[in-house]
Every structure is written in structure tokens, then in C-alpha cells.
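Commentary on secondary and tertiary structure
Take a look at the letters that make up each chain.
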Amino acid sequence: MSGLRCVSWIVCGLVCLISAEAALGQSINVGSKSFTENVVLGEIMRLTIEAETEAEVTHQRGLGGSQFLWEALRRGDVQAYPEYTGTMIEELFAGETVNDLDDLRRRLAESGIRMTEPLGFNNTYALGMTEERAAALNIRTVSDLRRHPDLALGFSNEFMDRGDGWPSLQRAYQLPHRNVRGLEHDLAYRGLVGGTLDAMDLYSTDAEIEYYGLRVLDDDLGHFPAYQAVVLYRDDVPAEVEAALLKLEGTLSEDGMIALNRQAKIDRMPEAEVAAGFVQNLTGTAVTVDVASRSERILRRTGEHLGLVLISLFAAILAGIPLGIIAYVVPSAGRVILGTVGAIYTIPSLALLVFMIPLLGIGAVPAMVALFLYSLLPIVRNTHAGLTDIPVGLRESALALGLPQRVRLRRILVPMAGISIIAGIQTAAVINVGTATLGALIGAGGYGQPILTGIRLDDTALILEGAIPAAVLALIVQGGFGLLGSWLGRWAEQ
């Protein structure tokens, strides 16, 4: 029963963590999707609220796709985020009758969500090719693609599945292409310019269209609707915050948004600085942003990453070792325990992180819980294996001493299995260091944040800013546990 009691304490601790995070989350949380324009808009929202109110604002940037942020907004994990009317009509409310903005507002109100008037620009989907490739094949419209079924097409992962994306586009235009792959939107530009892709999906306000001299194919069947940028926000935000968000209505033209995207993507200006210039012109208030140095960013991300790893690993140790002992002592329960933790481990790490979101929302807590579950198998299995592999003679000798089972486990058997248990903890720790980088996808921070941002901005230095410290930390963990295991081995031989 001690193992079950330990697991109960861990569950209580995680509940306390969730409650603490909720208590700390009373400030305004602005969210944004995982592409540059949306991040810039998120920064504009944050700085506008800060300039116009006394509210404390945080920006959870690059959180994922439309459905992800929509659910986060409905749950209250974020209070506002930038969205597009076409996305809501074709994706969020697919299959429902939404004819105009008034219909859209009524549907949003049913979920306690409000919407600003359009910000002033239409960022519609489009397909694009390099000018040279399109000219060589005489392709000017999407319909022209039908004549070239062997072309390699690359689309953003969200576009591959959404209602207004590739499946419906393929049906509408009867496109015969089979060489179609999903990838990160920003990486697709590399493939297009490098010649590995022939066409990709574009956002019409992408700065790369002009930078690379791409040809935007005419949507001759009018497949894509208007994607007017708006701000969605919960109806329980303070009135002054709502007033600040409403100030953004009609302030951004298409050319203006392209210029902001160019500053962020092409000129490599930090998104906060890009947004600060716009907000200062909008509000007439001096806006300053603190841009951390590389060393400051690495130090902050290291703290976030260690928090994710250490808390989840500590919880896994407290639960995993008792569960491994129970699996050894009660073989029938052992089959269930080992099968359960084994099944959890087979779930892809990214999927496991996403599975936590409906239960716990976004941020560090769901990432820690996912890492905790993912760490159980090596600890439970190695604890069970270490006890099982103790020679029968030694186990019988311990039994002959007449000690109660609990005492035999605590004083003899578990210490003898110590090297195997440490090896399981080492494996779990190294796995956690690597897997924790995915926590950035759900707003948990850590080394994954610069990696994802670097991919989005095509900035190798930023990718390495997260990848190198993560690799170094994994080596330190590997080496530290290796030394501990060697010391225990020498101690056991004495």
C-alpha cells in the first residue's frame, strides 16, 4: 500500500501545482499561433494593453494551430489572441451556417467570446511558385497545376488537414498530385527556393513573397474566402482591456502588415521591437521593450528547462520505485503495472503532451505531467528487473533471517537492486531532457522555445541557442548518473 500512498501524494502535489499556476494566471494572457505574423500581432496586443491599462500581460507565443488556440481561449488559458475570419468560418465552425460577421459574432458569443472589427488587412491563403519555375511551365492559376501532376507540393501541417486546406482545394480544382508533403510553413520556403518543392501554400502578407520574387497563383475558382485579421477575446476581460483591444480596429493595412513581417522575418528585428514601433505610433505613448542578451536568454531557458525536468523526474522517482516494488512483490499486479507504463511509453511524446491539454490547459504543469508519465517505464521496469535479477540464493538467505518482507525489501533487496534502479532513473532523466524541448509547443518554455522560434525565423543561431544547451545538459545528466552508478558498484563490492 505504500506505493499507492506515494502515488496519491504525487497526484495531490500535481493538483497543488495546477492550483498555484491558476492563481498566478490572473493576469491577462495573450496567445499567438506558430507563425511570425501572428506572433507580431500578439506582441502588438500585449504592448497596446500595457500602454493603455495597468494590467499585467504575458504573451504565450507560438502555441500551435487554430483549434489549439481556440480551445485555449474557451478554457480561459488565454484571454485573447489574433485570428482570421476565414479560418473561423472554414475551420472552427466548419459545417455550420455562418454567412457574415454578424453570424460569426453570434456563434462566438455562444462560447463567451467576443470579436473586434477587422484590423484592416486580409491575409488570405494562396499557392505560390518561384517565378522561374512557374514561367518555365506556363503556370499562372491554380487550375494550371492540373496539367503537371508530377509536381512536388509542400504545405504547412495545418493546411494539410484543415477544412479550407489541401483536401478541399484538391477536390475543388480536381488536382491529381500525389507528391504532397506536410512541413513547417517557414521551412517550405527553403524547399521552394532550393528546388525540392515546386509549389507551396502562402499567406498573402508573407514578406518572403516579395523577397524571393515568387509568383502567386490566381485562385481562379475563388476557393479561398477572405481572411480578415481580427482579435478574439473573452467576454470576462476587464473593460479597459477590451477598450485597448478595440483601438486596434482598422489600424493595419495589408502593406503595413507586410512591412512588419519584413522587419521580423527578413531584417531579423525582434518581434517585440517590431510591435513596439507600431504601438508607439498608434497610442502616441513611448513604448520600450527589454530585449534580453543571448546569455540572459540561455540562463532563463535553463531555469525553465530544469524546472520541467527535475520536478517531473522527482515525481517519477517517487512513484516509479514503489510501483516497481509492488510489481515484484505481487506478480499479478506487476503484469498490469508493467503493461500500463509500457503502453504509456508507446504514445509519441508530442501526442502525450497534447493529450494533457484538455485536462490541464497549457503551460508548465501539463508538460510536467506528460514528462512524469513518460518517465515511469524505465524506472518501474528497472526497479522490477533489479529485484527479480537478485540471485535466488541471496533472496532465500534474506528470508532465512526471519525478517518481515518490508524490512527485507528496505534493508537488503532494494539496496542490492540499486545499480539497476539508478540506471532506470538515468534513462528517464536523459529522455526528459530531450522530450522537455517539446514543452515549448504548449507554452512551457525551456530550450524548445529558441529552437521553435529559430525554425520559424530561419535563424540557425537561434536554433543552436536551444539545441546546444539541451545537448550539454543531457551529457551532464548522463555523466552524473554514470558516476553515481560506478560509485554504487564499488560500494556494493566492499
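Shown above is the structure to which this text applies.
Structural notes, computed from the coordinates. Every value quoted in this text rests on a predicted model; they were computed, and no experiment measured them. (Residues numbered from 1 in each chain as written. Predicted model: local features only at pLDDT ≥ 70, side-chain atom pairs only at ≥ 80, totals over all residues. Heavy atoms only, no water.)

Scanning the protein for helices and strands turns up 22 helices and 10 strands. Looking at the protein as a whole, 51% of its 494 residues qualify as buried. A sequence separation of at least 24 residues applies to 76% of the contacts in the protein between residues at least 6 apart. Taking the average location of the 38 positive side-chain charges in the protein and that of its 54 negative ones, the two points are 11 Å from each other. (Helix = DSSP H or I, 4+ residues; strand = E, 2+ residues; numbered from the N terminus. Buried < 20%, exposed > 50% of the residue type's maximum accessible area, 1.4 Å probe, protein only. Contact = heavy atoms within 4.5 Å. Lys, Arg positive; Asp, Glu negative; His and termini not counted. Charge placed at Lys NZ, Arg CZ, Asp CG, Glu CD.)

Before going further, it helps to examine the pattern of salt bridges. Considering all chains together, one arrives at 26 salt bridges under this definition. Glu-96 is the partner of Arg-107 in a salt bridge, and the nearest nitrogen-oxygen pair spans 2.3 Å. With Arg-107 in helix 5 (residues 101–109) and Glu-96 in the loop between helix 4 (85–92) and helix 5, the pair connects residues that are 11 residues apart, well separated along the chain. By relative accessible area, which is 19% here, Arg-107 ends up buried. By relative accessible area, Glu-96 is classed as partly exposed at 37%. (Salt bridge = Lys/Arg side-chain N within 4 Å of Asp/Glu carboxyl O.)

What follows concerns the packing of aromatic side chains. Counted under the stated rule, the structure contains 13 aromatic pairs. Feature note: the residues Phe-35, Tyr-84, Tyr-125, Phe-155, Phe-159, Trp-166, Tyr-203, Phe-224 and Tyr-227 constitute an aromatic cluster, connected by ring pairs. (Phe/Tyr/Trp six-rings, centres within 6.5 Å; stacked < 30°, edge-to-face > 60°.)

Another point: the packing of helix 3 (residues 66–75) against helix 4. Axis separation between helix 3 and helix 4 bottoms out at 11 Å; the angle between their running directions is 90 degrees. When the axes of helix 3 and helix 4 are compared, the pair comes out roughly perpendicular. Only Thr-87, Glu-91 and Leu-92 of helix 4 make contact with helix 3, whose side of the interface consists of Ser-66, Gln-67 and Trp-70. A breakdown of the residues in the contact of helix 3 with helix 4 according to their chemical character gives 2 nonpolar, 3 polar and 1 charged. (Axes fitted to C-alpha atoms, helices over the stretch in contact; angles between N-to-C directions. Parallel < 35°, antiparallel > 145°, perpendicular 65-115°, else oblique. Nonpolar A, V, L, I, M, F, W, Y, C, P; charged D, E, K, R; others polar.)

Core analysis: the biggest nonpolar cluster contains 72 residues, and Trp-70, Met-88, Phe-93, Leu-108 and Leu-232 have the highest contact counts within it. Of all the elements, helix 17 (residues 364–388) adds the most residues to this core, at 13 residues. Setting aside residues up to four positions removed in sequence, Phe-93 forms contacts with Trp-70, Met-88, Val-98, Leu-104, Arg-107 and Leu-108. Judged by nonpolar contacts, the second largest core, of 53 residues, contains Ile-28, Phe-224, Val-237 and Leu-245. (Core = buried A, V, L, I, M, F, W, Y, C linked by side-chain atoms within 4.5 Å.)

Take the sheet that holds strand 8 (residues 199–203) next. Strand order in the open sheet formed by 5 strands is 7-6-8-5-9, with mixed pairing between adjacent strands. Bordering the open sheet on either side are strand 7 (180–183) and strand 9 (214–217), each of which pairs with just one other strand. Neighbour-to-neighbour, the strand axes of the sheet open up by a mean angle of 35 degrees, direction not taken into account. Together, strand 5 (125–130), strand 6 (153–156), strand 7, strand 8 and strand 9 form the strand contacts of helix 9 (residues 185–194), whose direction differs from that of strand 8 by roughly 135 degrees. (Pairing = 2+ DSSP bridges.)

Moving on, we get to the environment of Asn-157. Inspection of the secondary structure puts Asn-157 in helix 7 (residues 157–161). Asn-157 gets classed as partly exposed once you look at its relative accessible area, which sits at 40%. Among residues more than four places away in sequence, those in contact with Asn-157 are Gly-182, Leu-183 and Glu-184. A distance of 3.2 Å separates the side chain of Asn-157 from the backbone nitrogen of Leu-183, its partner in a polar contact. (Polar contact = N/O pair within 3.5 Å; in protein donor to acceptor, adjacent residues only side chain to side chain.)

Between helix 2 (residues 36–52) and helix 13 (residues 271–283), the shortest axis-to-axis distance is 8 Å and the interhelical angle comes to 50 degrees. Considered as vectors, helix 2 and helix 13 are oriented oblique to each other. When the axes of helix 2 and helix 13 are compared, the crossing they make is right-handed. Of helix 13, the residues touching helix 2 (which contributes Thr-36, Val-39, Val-40, Glu-43, Ile-44, Arg-46, Leu-47, Thr-48, Ala-51 and Glu-52) are Glu-271, Ala-272, Val-274, Ala-275, Ala-276, Phe-278, Val-279, Leu-282 and Thr-283. Split into classes, the residues belonging to the contact of helix 2 with helix 13 amount to 12 nonpolar, 3 polar and 4 charged. (Left-handed = near helix turned anticlockwise from the far one by under 90°.)

Across the two faces of strand 1 (residues 28–31) the burial is the same, with Ile-28 and Val-30 and Asn-29 and Gly-31 all buried. Note that strand 1 and strand 2 (residues 57–60) share 4 bridges and pair parallel. In the strand pairing of strand 2, Val-30 is matched with His-59.

Considering the arrangement of structural elements, one finds Thr-87 in helix 4. Accessibility expressed as a relative area gives 3% for Thr-87, which makes it buried. Reaching out from Thr-87, the side chain makes a polar contact with the side chain of Arg-162 at a distance of 2.8 Å. Sequence-distant contacts of Thr-87, that is, excluding residues within four places in its chain, are made with Lys-33, Ser-66, Leu-92, Arg-162 and Tyr-227.

Attention now moves to a nonpolar patch on the surface. A contiguous nonpolar patch, built from Leu-464, Ile-468, Val-472 and Ile-476 and spanning about 360 Å² of accessible area, is present on the exposed surface. Counting through the fold element by element, Ile-468 comes out in helix 22 (residues 460–493). (Patch = residues over 30% accessible without salt bridge, like charges linked within 9 Å, V, L, I, M, F, W, Y side chains within 5 Å. Areas by Shrake-Rupley, 256 points an atom, 1.4 Å probe, with all protein chains shown as cover.)

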